Amino acid sequence: MSNSFLLLLGIATPLIAALFSYLTRYNNNLRDSFGIIGGIVTLIISLRVFHGIQSNEIFEITLFNLFEGVDFTFRVTPLGSIFSLVASSLWIMASIYTIGYMRGAGEKNQTRFVIFYSIAIHAALSIAWSGNLLVLFIFYEILTFSTFPLVGHKQNSESQSAGRLYLSILVGTSLIFFLPAIFWIWLETGTLNFQDGGILINKFPIEYMSFLIALLVFGIGKAAIMPIHRWLPAAMVAPTPVSALLHAVAVVKAGVFSFLVVIVYIVGPDYLLQTNSSDWLVWLACFTIMASSIIAITKDDLKARLAYSTISQLSYIILGAALASSLAIKGASFHIITHALGKITLFFCAGAIYVTAHIKKVSELKGLGFKLPLIFVAYTLGALSIIGVPPFIGSWSKFYLIMGSLEREFIFVAIILGVSSLLNIYYLLQPVVIGFTQTRKKEIKLIKSPLTVWPPVITGIGCLILFFYSDYFIHNVNRVIT
Amino acid sequence: MMGGLFIIITSQNYLKKIVGLAIFQTAVFVFFVSLAKVLDGTAPILTKSLSVYSNPLPHVLILTAIVVGVATSALGLALVLQIYKNYGTIEEKEIENLELKSDK
Amino acid sequence: MFDLFLDDAPALVVVLPLIASAIIAFMPSKIWPWIISMIVLVFHLALSLHLIEEVSISKIIIYEFGNWEPPWGISFKIDGVNSGLQILFSSFVLISTFYSRKIFLNEIEAEDTGKAYSLWLLAIGSLNGIILTNDIFNLFVFLEISALASISLISLGAGLNRKALLAAFNYLIIGAIGATFYVIGAGFAYAMTGTLNMNDLIIQLSQYSDGQLAIFAGMSFMLIGLMVKAAIFPLHIWLPAAYSYAPSAVSTLLAALATKTILYFFARLLFEVFIIYENYLIIFLDFILFPLSVIAIFIGTLIAVYQDDIKKLLAFSSIAQIGYITLAFSLRDHSGITSGFVHIFNHALIKGGLFMSVGYFAILYKDRVTLSSIKGFGYKYPITSFALLICGLSLIGLPLTNGFISKLYLFQALYINQMYIPIASVALSSALAVVYFWKIVEQMWFSDIKPKPEKEDPSIYFPIWIITISIILFGIYSSPIIEFSTLSADYLTQGLQK
């Protein structure tokens, strides 16, 4: 099988899965199984691509020309291979979990949900493998539109207004800032292709660099840097599998991935360092990290707390990109993997608690730890990974990021990262502490839902085990920036 | 000319607007025809005794324009008639009131 | 024998619809007027294709009526500027006529069908005349015929809503004022030069190259008259009501082509004739047209956001889109004119597709289409709704649709001219377009009701999908549109380069 065909197959698989889900919409089990099958197929392809990138293979396919200097091209970059691996492997988990959750919570319109979930994965994979900025933009928009039905899934007034906010912020920022920035880059350089070392050197006027970076970081609204983070907490009204999709697998990861790709393959870290045009962004990212951590502490709703935690974690990646030193960018790339794994575990747990015990608030978790031991253990594993405690995989990316900030001699940034870890410990582990220490006066009825319990356990254990196998990823992470 | 325009803008009655339009257009036609006048010229008849005659082209053009103007007036009047049948009035204010009521 | 026909092709594309219009005016039958119109328009398309082929060889065709040489006779001219538009026009009228049959059956009285198609062909013939004419007075005649035909067609909407009469009447009055202004201007030009032929006018005007007050006055009158007809902000007030209360098929024709042909002539007049007075042109474009366009983009989009009636919403969005075109023209260089023409093409397709889909909804719903009335239509009429979705995404300007190509070229033109504030306003307006368009989508797919699918009429959704597919096709393979627009710009900038 040729590499280019493999690429097309990988991108098409989620769409085919969506089609089959639609055709078998009257048979629930069959319908839902296509998500898992599609996930396995894309995982195999992503693994193949991941290994291929390790051995310097080229994965590229050009479909047609769009306009002068810009083709409709898919080409896998090392960074893209990382993101696609994350997206496809977590899709399997999410598909299994979706079955348990949607049936457990008795949601309506399950077919529509499954279909748009698959389309969203398709868009995420296409973003990962896109060969130039315009193709990335196209699938960035498709991802927004395909997740809109998921966010507004419940179709009550609350989810409708959340859906509107979600759409207007993401599409609005992308059309007002991101697209003009893309045009601008094209007009200055005549190309939009991703290249090692970027395409802007000696072509883009230095004095406008800061402005361009601002257009990009605010245009990629999915990266949720303050002050355009409002859509993320609002989208929490969606069912938990969507939150998992939003926070771990696809949407926000697509956002930070896009930004990272732009920095590494369009702007070029060296050029960024020469011009110092992203230093302001370092401080904005630091502010976002601290502010959202503090907001997270005040939230009693578990999902809202996790949402703010996500905003803070995303800014780690933006911070890494803005620092633009080699170690920082490696850390940011690695953080895509580690945060995805950790955060999906946490969301799976939050959803599992909701399905089994119908509890959403942190303060009501009293005594549940002993009733739902597996979930709470998985939650703890995920939380520890995000906090960055060894021997969990999250420690690696944080280590790189701190090293990266020291490399640029931003001592203060390293301190901020440390303080934020302390805050993490407080707001992420508080639910565990409440769950295990305090006792509950009234007994509550628990509903068994094994399909929602096992995925977080698997991903939680993954956080632990992959710490020892991080070499596997490090190789590709090292290739991101040479 | 300005008189015609003034009538169109200020009058509340649709029929009067049509009248205004007709005046406005006629004024322009006259202006056009006046361009054709050549000093001491006569009617443009092809005889050997006359050498100075008015330019006939504007007359021809205006003949077309008059036809267009008549058609416009006719269509306008037909519309006014239809409006009267549908609304029972051709006063702009009254029709606005009627529409406001029907919207509620 | 057939060659004889082809020699007269430039006249025939205009005359053929006009003759057919007279023939079918009093036909009592319901179906024959449509069949005859279709046959005529197929010939029309064939003739247009023939003309384009001729033009590609000989670069320019000047057809003199009755072999009267200019400046006495009327002449038509086909060259690089209007050949692309002619093809678009011919193909679009054919598609929309195909679409119109069932729509007219539903929206107007059966005995009026013959009259409706008579007016329809009259409008088509005269709009085509606007594209081809090379004579400024002849243009006035075509302007008025097309206006009268469109007004009558609009007033046919009175069977559904009596407001159509008021809309038609307002259009009549405002349109007639605009046309009369134009004639005054033409009179001034004639008084100074003694010619009405555009080529001749260029030669004669260059005598007065330092300018004369009478000429400037004449030019201003002509431009204002055309601005009224082309619905350039703030002279657009007739447009929203006229588009939205007209029968659906008529709105399609008007929205897609009527203003576009006039905008084309506007550009031709500016860049071919008035270019002689560059100072005047610069003042007009930079200080009048440019700010008006930027305001139009904003105001049009903003008003569209607050509309409940979907046809009105689309009409206000048209005003903003016309603003894009005039903004591009006001840059007065090659890139600007190219992007203006690109948008003329693309927007004709997009708005045509949107009005067609909404028009179909109107006859399905049997009332005015408001936001609340299309609840669940995405499930009820999936084929048409999906076409509407694609056209709408193109209106926003997302990649892979032709709307994106328009936007790309507009951005490029603005960037070359270093107009950064308009770039921001265009970007903002396209973001606002998401807001008003998404209101429609939300009602169609994400409202509280979810009806079962119902049967849709293939003879209606087939033409809609032709337009929709062409929207995607030209988004991916944009070179035909680009080539025609570049050609137009090449011709029109000859004067600029001097």
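The coordinates are above.
Residues numbered from 1 in each chain as written. Chains lettered and ligands numbered in written order. Predicted model: local features only at pLDDT ≥ 70, side-chain atom pairs only at ≥ 80, totals over all residues. Heavy atoms only, no water.

K.L.:
Outline the overall build of chain A, supporting the account with residue identities and numerical values.
P.N.:
If you tally the helices and strands in chain A, you get 20 helices and two strands. Whereas a compact globule of 482 residues would reach a radius of gyration of roughly 23 Å, chain A reaches 21 Å, a difference of no more than 12%. In terms of its C-alpha atoms, chain A occupies a principal-axis envelope of roughly 70 × 55 × 45 Å. Looking at the 482 residues of chain A, the share that counts as buried comes to 66%. Considering only intrachain contacts with a sequence separation of at least 6, the fraction spanning at least 24 residues in chain A is 81%. (Helix = DSSP H or I, 4+ residues; strand = E, 2+ residues; numbered from the N terminus. Rg over C-alpha atoms; globule rule 2.2 N^0.38 Å. Buried < 20%, exposed > 50% of the residue type's maximum accessible area, 1.4 Å probe, protein only. Contact = heavy atoms within 4.5 Å.)

K.L.:
Residue-level account of the overall build of chain C, with values.
P.N.:
Looking only at helices and strands, chain C features 21 helices and two strands. The C-alpha atoms of chain C give a radius of gyration of 22 Å, which matches the 23 Å a tight globule of 498 residues would have. For chain C, the spread of C-alpha atoms along the principal axes amounts to about 70 × 55 × 40 Å. Buried residues in chain C amount to 68% of all 498 residues. Counting only contacts in chain C whose residues sit at least 6 apart along the sequence, the fraction spanning at least 24 positions is 80%. When the accessible surface of chain C is split by element, carbon and sulfur atoms take 67% of a total near 16100 Å². Averaging the locations of the 25 positively and 30 negatively charged side chains of chain C gives two centres separated by 14 Å. (Areas by Shrake-Rupley, 256 points an atom, 1.4 Å probe, with all protein chains shown as cover. Lys, Arg positive; Asp, Glu negative; His and termini not counted. Charge placed at Lys NZ, Arg CZ, Asp CG, Glu CD.)

K.L.:
A description of the packing of helix 6 (residues 157-189) of chain A against helix 7 (residues 209-219) of chain A should follow, citing residues and the corresponding values.
P.N.:
Residue and element names in this part refer to chain A. Two numbers describe how helix 6 lies on helix 7: the axes approach to 8 Å, and their chain directions differ by 140 degrees. As summarised for this structure, helix 6 and helix 7 are arranged oblique, according to the angle between their axes. Between helix 6 and helix 7 lies a crossing whose hand is left-handed. Residues Thr173, Ser174, Phe177, Phe178, Ala181, Trp184 and Ile185 of helix 6 form the contact with helix 7, whose own contacting residues are Phe211, Leu212, Leu215, Leu216, Phe218 and Gly219. Of the residues assigned to the contact of helix 6 with helix 7, the class counts are 10 nonpolar, three polar and no charged. (Axes fitted to C-alpha atoms, helices over the stretch in contact; angles between N-to-C directions. Parallel < 35°, antiparallel > 145°, perpendicular 65-115°, else oblique. Left-handed = near helix turned anticlockwise from the far one by under 90°. Nonpolar A, V, L, I, M, F, W, Y, C, P; charged D, E, K, R; others polar.)

K.L.:
Account for the environment of Trp120 of chain C, with residues named and values stated.
P.N.:
All names here are of chain C. Mapping Trp120 onto the fold places it in helix 5 (residues 113-132). Counting along the chain gives 130 residues from Trp120 to Val250, while the straight-line C-alpha distance between them is 8.1 Å. Excluding residues within four positions of it along the chain, Trp120 makes contact with Ser96, Thr97, Ser100, Phe104, Leu153, Ala249, Val250 and Leu253. Here Thr97 takes part through its side chain, which lies 3.1 Å from a polar atom of the side chain of Trp120. (Polar contact = N/O pair within 3.5 Å; in protein donor to acceptor, adjacent residues only side chain to side chain.)

K.L.:
Talk me through the packing of aromatic side chains; I want residue IDs and the actual numbers.
P.N.:
Counted according to the given criterion, the structure contains 57 aromatic pairs over all chains. Taking the centre distance of 5.7 Å and the plane angle of 45 degrees together, the rings of Phe113 of chain A and Tyr117 of chain A count as tilted. Remark: Tyr117 of chain A and Phe113 of chain A occur in helix 4 (residues 110-129); sequence separation between them is four residues, near one turn of the helix. Of the aromatic side chains, those joined through ring pairs into one cluster are Phe24, Phe31 and Phe32 of chain B together with Phe137, Phe140, Phe181, Phe188 and Phe221 of chain C. Lying across the ring of Tyr140 of chain A, Lys222 of chain A places its NZ or CZ 3.4 Å from the centre. It is Arg162 of chain C that lies over the ring of Tyr87 of chain B; its NZ or CZ is 4.1 Å from the centre. (Phe/Tyr/Trp six-rings, centres within 6.5 Å; stacked < 30°, edge-to-face > 60°. Lys NZ or Arg CZ within 6 Å of the ring centre and 35° of its normal.)

K.L.:
Can you explain the interface of chain A and chain C? Please cite residues and give values.
P.N.:
Many analyses report the size of an interface as the accessible area lost when the parts associate. Every contact between the two is made by 29 residues of chain A and, on the other side, 27 residues of chain C. Together chain A and chain C conceal approximately 2500 Å² of surface at their shared face, both sides included; 76% is due to carbon and sulfur atoms. On the chain A side of the interface with chain C, the three residues burying the most area are Leu175, Phe183 and Leu187 of chain A, jointly 21% of the side's total. One salt bridge in this structure joins Arg164 of chain A and Glu442 of chain C, with 2.6 Å as the shortest N-O distance. The tally of links from chain A across to chain C stands at three residue pairs in polar contact (both at pLDDT 80 or more). Here the side of chain A that touches chain C is built from residues that sort into 20 nonpolar, five polar and four charged. (Buried area = accessible area lost by both parts, 1.4 Å probe. Salt bridge = Lys/Arg side-chain N within 4 Å of Asp/Glu carboxyl O.)

K.L.:
Account for the interface of chain C and chain B, naming residues and giving values.
P.N.:
Counting residues at the interface gives 30 residues for chain C and 33 residues for chain B. Interface area, chain C with chain B, both sides summed: about 2900 Å², of which 82% is carbon and sulfur. Taken together, chain C and chain B are joined by zero salt bridges. There are one residue pair in polar contact (both at pLDDT 80 or more) connecting chain C and chain B. Of all elements in the fold, only helix 6 (136-155) and helix 7 (163-193) of chain C reach the threshold of two or more residues within the side of chain C that touches chain B. The element best represented in the side of chain C that touches chain B is helix 7 of chain C, accounting for 18 residues.

K.L.:
Account for the side chain of Ser248 of chain C, with residues named and values stated.
P.N.:
With respect to the helices and strands, the residue Ser248 of chain C is situated in helix 11 (residues 248-273). Discounting chain neighbours no more than four positions away, the residues touching Ser248 of chain C are Ile103, Glu107, Lys311, Gly359 and Ala362 of chain C.

K.L.:
Would you mind going over the side chain of Ser96 of chain C in detail, with residue names and values included?
P.N.:
In this fold, Ser96 of chain C is placed in helix 4 (residues 80-107). The contact partners of Ser96 of chain C, leaving out residues within four places of it in the chain, are Trp120, Thr252, Leu253 and Met356 of chain C.

K.L.:
Give me the lowdown on the nonpolar core, citing residues and values where you can.
P.N.:
Judged by nonpolar contacts, the single largest core of 409 residues is most densely connected at Trp129 and Leu200 of chain A together with Ile136 and Phe265 of chain C. Per-element accounting of this core gives the leading share, 20 residues, to helix 7 of chain C. Apart from the residues lying within four places of it in its own chain, the contact partners of Trp129 of chain A are Leu7, Gly10, Ile11, Ile45, Ser46, Val49, Phe74, Arg75, Val76, Gly80 and Ser84 of chain A. (Core = buried A, V, L, I, M, F, W, Y, C linked by side-chain atoms within 4.5 Å.)

K.L.:
Provide a residue-level description of the arrangement of the chains, including the pertinent values.
P.N.:
Of all two pairs of chains that touch, the greatest number of contacts is found between chains B and C. The two units chain A and chain B remain apart, with a minimum C-alpha distance of 27 Å.

K.L.:
Describe the pattern of salt bridges, with residues and values.
P.N.:
Once their charged atoms are close, side chains differing in charge can pair, the charge on each being opposite to the other. Residues and elements named next belong to chain C. Counted under the stated rule, the structure contains 10 salt bridges over all chains. Of the charged contacts, one joins Lys77 and Glu272 as a salt bridge, the two residues approaching to 3.4 Å between their closest N and O atoms. Note that Lys77 is positioned in strand 2 (residues 75-78) and Glu272 in helix 11, a separation of 195 residues in sequence. Judged by its relative accessible area of 4%, Lys77 is buried. Classification of Glu272 as buried rests on a relative accessible area of 14%. A salt bridge links Lys102 to Asp457; the nearest nitrogen and oxygen atoms lie 2.8 Å apart. Highlighted residues: Lys102 in helix 4 and Asp457 in the loop between helix 18 (420-445) and helix 19 (458-476), separated in sequence by 355 residues. Owing to a relative accessible area of 21%, Lys102 belongs among the partly exposed residues under this scheme. Through salt bridges with shared partners, a single network forms among Lys77, Asp79, Arg268 and Glu272.

K.L.:
Could you give an account of the layout of surface pockets, with specific residues and numbers?
P.N.:
Of the volumes computed, that of the largest pocket is approximately 2100 Å³. In terms of lining, the largest pocket is formed by 50 residues, of which the most central are Ile115, Phe116 and Ile119 of chain A together with Phe386 and Leu389 of chain C. Of the voids in this model, the second largest pocket is the one considered here, and its volume is about 740 Å³. As for the second largest pocket, its lining consists of 28 residues, and the residues nearest its centre are Glu92 of chain B together with Asn170, Ile174, Ile237 and Trp238 of chain C. Of all elements in the fold, only helix 1 (2-10), helix 2 (14-35) and helix 4 (92-103) of chain B together with helix 7, helix 9 (213-229) and helix 10 (239-245) of chain C reach the threshold of two or more residues within the lining of the second largest pocket. (1 Å grid on protein atoms, 1.4 Å probe; cavity = no way out; pocket = protein on both sides within 12 Å on 5 of 7 lines; lining within 4 Å. Points joined across faces, edges and corners; volume = space filled by probe spheres on them.)

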